[in-house]
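# Breakdown of the fold
Next come the chains, spelled out residue by residue.
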Amino acid sequence: VCKDQLVLYYTVLEESTDSGFEDRLHDFIAETVTDFMVPTIYVQIEEMPLTPNGKIDRKALPEPEILTTEAYVEPENE
């Protein structure tokens, strides 16, 4: 579903995070890596799903909820 967007899944140690947490996380990542490596979607999950070998089970990660502010525009021709 999100083949053109980079999704970051994260967990937090504290019960709640403030509303600006993802913005600060984005800013930190943007200072650290090049632009194309900065995630566009951030998804907080309770814990990372693991395979029996202890690696992240990518297939078990939830689908990100994609929120768009742009309205869909139909093509004008073929």
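Preceding block: the structure.
Quick summary incoming for the structure in this document.

Conventions used here
- Residues numbered from 1 in each chain as written.
- Predicted model: local features only at pLDDT ≥ 70, side-chain atom pairs only at ≥ 80, totals over all residues.
- Heavy atoms only, no water.
- Helix = DSSP H or I, 4+ residues; strand = E, 2+ residues; numbered from the N terminus.
- Buried < 20%, exposed > 50% of the residue type's maximum accessible area, 1.4 Å probe, protein only.
- Contact = heavy atoms within 4.5 Å.
- Areas by Shrake-Rupley, 256 points an atom, 1.4 Å probe, with all protein chains shown as cover.
- Phe/Tyr/Trp six-rings, centres within 6.5 Å; stacked < 30°, edge-to-face > 60°.
- Patch = residues over 30% accessible without salt bridge, like charges linked within 9 Å, V, L, I, M, F, W, Y side chains within 5 Å.
- Salt bridge = Lys/Arg side-chain N within 4 Å of Asp/Glu carboxyl O.
- Lys, Arg positive; Asp, Glu negative; His and termini not counted.
- Charge placed at Lys NZ, Arg CZ, Asp CG, Glu CD.

### Thoughts on the overall build of the chain
Of regular secondary structure, the chain possesses one helix and two strands. Traced from its N-terminal end to its C-terminal end, the chain shows the element sequence β-α-β. A total of 78 residues make up the chain; the buried ones form 19% of that total. A separation threshold of at least 6 residues defines the contact pool for the chain, and within that pool the share at least 24 residues apart is 58%. When the accessible surface of the chain is summed, it comes to about 7,300 Å², and 50% of that surface belongs to carbon and sulfur atoms.

### Re the packing of aromatic side chains
Scanning all chains against the criterion turns up one aromatic pair. With a centroid separation of 5.5 Å and an interplanar angle of 45 degrees, the aromatic rings of Tyr 10 and Phe 21 are classed as tilted. You can see Tyr 10 sitting in strand β1 (residues 7-10) and its partner Phe 21 sitting in helix α1 (residues 21-32), a full 11 residues away along the chain. Given a relative accessible area of 23%, Phe 21 falls into the partly exposed group.

### Here's the deal with the environment of Pro 39
Turning to its location among the elements, Pro 39 is positioned in the loop between α1 and β2 (41-44). For Pro 39, a relative accessible area of 6% gives the class buried. Residues Pro 39 and Ile 29, 10 residues apart in the sequence, show an inter-C-alpha distance of 8.4 Å.

### Digging into a negative patch on the surface
Residues Glu 22, Asp 23, Asp 27 and Glu 31 make up a contiguous surface patch of negative charge. Relative to the elements of secondary structure, Asp 27 occurs in helix α1. Taking the relative accessible area as the measure of exposure, Asp 27 reaches 43% and is therefore partly exposed.

This is a description of form; function is not addressed.
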